[in-house]
Amino acid sequence: MLVTGIGSLIFMYERRSVMAIFPERVTKLWNEWEIRVLVLISLLLQIVLIILGNRRKYIPRNRIRVILWFAYLGADWVAAVCIGVLSNSLGDDCENDSQKTKKIIWAFWAPFLLLHLGGPDTITAYAMEDNELWLRHFLGLLVQFGGAFYIFLLAWKGMPLNILAIPVFVAGLIKYGERTWALRSASSSHFRDDMLPRPDPGPNYAKIMGDYTLQKSQGFNVSFKPVTEPSAKVNCFDPDAPVLEVGYALFKTFKRLFADLILTFRDRENSQSFFCNTDWKKAFDVVEVELGFMYDVLYTKASVSYCRWGHLLRSVSLSFTVSTFAAFLIIDKHEYSSIDLIITFLLLVGAIVLEIYAIIVLLSSDWTMLCLSKHKKAFSCCRLPILLPAETRWSNSMVQYNLLSLCLKEKPIKCLGPLRKLPYVHEMWWKYRLGQDEGILHRFSHVYEMLEEYSYKSYVTVSTDLKELIFQHLKEKSNSAKGQSNANAIYKQLCAGRGDLVLKKEKYNCHSNLGWSVEEDFDQSILLWHIATDLLYYTDEQDQNGSSVRTPDWRATSKLVSDYMLYLLVMRPFMLPDGIGQMRFQDSCAEAIQFFQDNKADIEGRTKACQKFLRVNTEVSPLEVKGDKSKSVLFDAVRLAKSVKSLKRDGEHWSNEKRWAMICDVWMEMLCYAASQCGWKEHAQQLRRGGELLTHVWLLMAHCGISEHFKISQGHARSSVVVN
């Protein structure tokens, strides 16, 4: 906000120099309309923010984020610049009383700019970093309020419009203060501090030891006996309890994960009592509710809006705005221009409509529904499907990204298609992709690769089969450790499993054949299994028989997770453990493109490409043949696919169903490992991008007890002095 204020001063200084080059008539017209245009733009940006601010919670598309980004940054800048231009304009005309009287209505717009700087309830922070800048916003509050008040004093004439500006000032100050407080509450330090328990010094050691010494000196036999205080009963959630109530109860405890705080073993028991006795659908619904609450706390004014003080401030702000509008309708306005009156009317109506919309959002939120459900009242009619899609808490989608599709150029960038058909450009491009030339295309490579990434990225709905398999996988792991004497060590081992535990299962017992593929760097394992899954997916398709019902489910789910994990590796590497995944991906793509170039006549589509790969002789390891300069894992993945196809049990090859069940289990474990290794900040950032499946898996793992955040024992033991 301080940068915005400085930018507005620079803007006002530079505009005088810029306007000097235009004719006097243009300059006069601009001076007449500059403030009016800025005020209307400020109002328009507020409308965009309040309507789209909450939609990014469940819309993952880039276009809505770009629009919000421009609106979020532009709203503060335009409002701050407008305040600066207003003060400058009124200051220049302060000696001309008649001109100052005409511009009183302009000064009346200043408190509305404070309202705009306060922002809508649906978005206070665009990203997590904005919360850390709450102190800068507080300074901006002081500076901008001072600027608006200065405008108010310059235009003071004791006229009705001057007096009507006072309640709007109060409303603007409330809105701006709410935003600053919400940013402060969501900043990492304050968010963490608010969840820390009160300091517990324990019994007075010095006093007890003094009594101990005194009693012992008098000849008494003094000892200490541990006494266990009554602990709170484990809160076993009713599996039939409403999703909102369970979700909020767990949110109050597990929001500590988003502050990197540890949990107690009792928290694990509370959570497991529900998740181990419910179905997959309700489990995912509860996690959606929790993450919805978390989004509201981090990115909206929820910490202010849903408390008693918030309701009171909302009532004051709305009543002051409505009363100002009513008074504006009845006062004498003949000395003001029609254009300015229309703009003032739009500002007043816009402020009231935006406030009413915010109230509708508040009444339609999960917070209000939770409060009403506790009082056994139904109020679902508040949800207006046109304005607020009901029960939409995240996008329920996952991104798909495929290496073979990229290398086969199945979705070329349309805008560059005609250019790349030119012979010289086409030849240069292939040389660049194969690493043989770093000419002029190298300068534009990053732009093209960015466009290419988004061209090959697609969204699919998270299938019910996938959710059910994830839940069953986690439930099975959780039950394997419950009740064991070394449960904590088992949970830690489960968190570290990245496919090896699956391969060691008795029903598969193939770790000796495939273990090498999951013992490398995690990014290498993802690439190996991604390519191998594709090779098997497209070559096994012809071998499927109609008698198997379950096989297509395992197979389709494996493909979904495989493409999703590659998306994380390429486009969200910060959500995975550190490694050289990007380098391995690029080298593997280059080798695949070279292979397709050499076999162009024999390759048409993915199926033939995969069959061609599997015909390559991989008897000798690629490392021995090529060395380790190139980090490509393409033909290592071919070797892996062949190894999976050749798996046998009791002398017989595995059935397709068993093979795909094993592959799917490996991907489930890799997905869980990636979720557990991702930091809380990265998970929190994804909430504003429509949500990420990985974040839901991470929280679901914690609820099933599979997390390293459970470190505090019961902690109810005290000691008492026993005197004999």
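Definitions and cut-offs
Residues numbered from 1 in each chain as written. Predicted model: local features only at pLDDT ≥ 70, side-chain atom pairs only at ≥ 80, totals over all residues. Heavy atoms only, no water. Helix = DSSP H or I, 4+ residues; strand = E, 2+ residues; numbered from the N terminus. Polar contact = N/O pair within 3.5 Å; in protein donor to acceptor, adjacent residues only side chain to side chain. Core = buried A, V, L, I, M, F, W, Y, C linked by side-chain atoms within 4.5 Å. Buried < 20%, exposed > 50% of the residue type's maximum accessible area, 1.4 Å probe, protein only. Contact = heavy atoms within 4.5 Å. Salt bridge = Lys/Arg side-chain N within 4 Å of Asp/Glu carboxyl O. Phe/Tyr/Trp six-rings, centres within 6.5 Å; stacked < 30°, edge-to-face > 60°. Axes fitted to C-alpha atoms, helices over the stretch in contact; angles between N-to-C directions. Parallel < 35°, antiparallel > 145°, perpendicular 65-115°, else oblique. Nonpolar A, V, L, I, M, F, W, Y, C, P; charged D, E, K, R; others polar.

Digging into the environment of N396
Next, step 1: Secondary-structure assignment places N396 in the loop between helix 18 (366-374) and strand 3 (397-400).
Next, step 2: Among the polar contacts listed, one links the side chain of N396 to the side chain of K467, at a separation of 2.9 Å.

A look at the nonpolar core
Among soluble globular proteins, nonpolar side chains are generally buried collectively.
Next, step 1: In this structure, I470, W529, F613 and M662 are the most contacted members of the largest nonpolar core, which totals 137 residues.
Next, step 2: The element contributing the most residues to this core is helix 33 (residues 656-677), with 14 residues.
Next, step 3: In this view, I470 contacts F284, M668, L671, L693, V697 and L700; residues no more than four positions away in its chain are not counted.
Next, step 4: Core analysis: the second largest hydrophobic core is formed by 64 residues, L68, Y72, A75 and I83 among them.

Describing the pattern of salt bridges
Next, step 1: In this structure the tally under the stated criterion is 23 salt bridges.
Next, step 2: The closest approach of N and O atoms between K175 and D121, which form a salt bridge, is 3.6 Å. Of this pair, K175 sits in helix 9 (residues 160-186) while D121 sits in the loop between helix 6 (110-118) and helix 7 (128-132), and the two are 54 residues apart along the sequence.
Next, step 3: For D121, a relative accessible area of 11% puts it in the buried group.
Next, step 4: For K175, a relative accessible area of 6% gives the class buried.
Next, step 5: One network of salt bridges, in which partners are shared, links D121, K175, E178, K301, R314 and E355.

Topic: the packing of aromatic side chains
Next, step 1: All told, the structure shown has 34 aromatic pairs when counted by the stated rule.
Next, step 2: Measuring from centroid to centroid gives 5.0 Å for W69 and F70, while their planes differ by 70 degrees, and the two rings are edge-to-face.
Next, step 3: On the accessibility criterion, F70 (54% relative accessible area) is exposed.
Next, step 4: Seen from their ring centres, F258 and W698 are 5.2 Å apart, and the 90 degrees between their planes marks the pair as edge-to-face. Note that F258 is positioned in the loop between helix 12 (243-254) and strand 2 (263-264) and W698 in helix 35 (residues 693-703), a separation of 440 residues in sequence. The same class applies to F258 and to W698, which are both buried.
Next, step 5: Each residue in the set F145, F149, F152, W156 and F169 is aromatic and connected to the rest through ring pairs, giving one cluster.

What to know about the packing of helix 33 against helix 35
Next, step 1: It is the contact of helix 33 with helix 35, at a shortest axis distance of 8 Å, that shows an interaxial angle of 85 degrees. The pairing of helix 33 with helix 35 is recorded here as roughly perpendicular in orientation. Note on element contacts: helix 35 touches helix 33 through L694, V697, W698 and M701, opposite L671, C672, A674, A675 and S676.
Next, step 2: When grouped by side-chain class, the residues that make up the contact of helix 33 with helix 35 number eight nonpolar, one polar and no charged.

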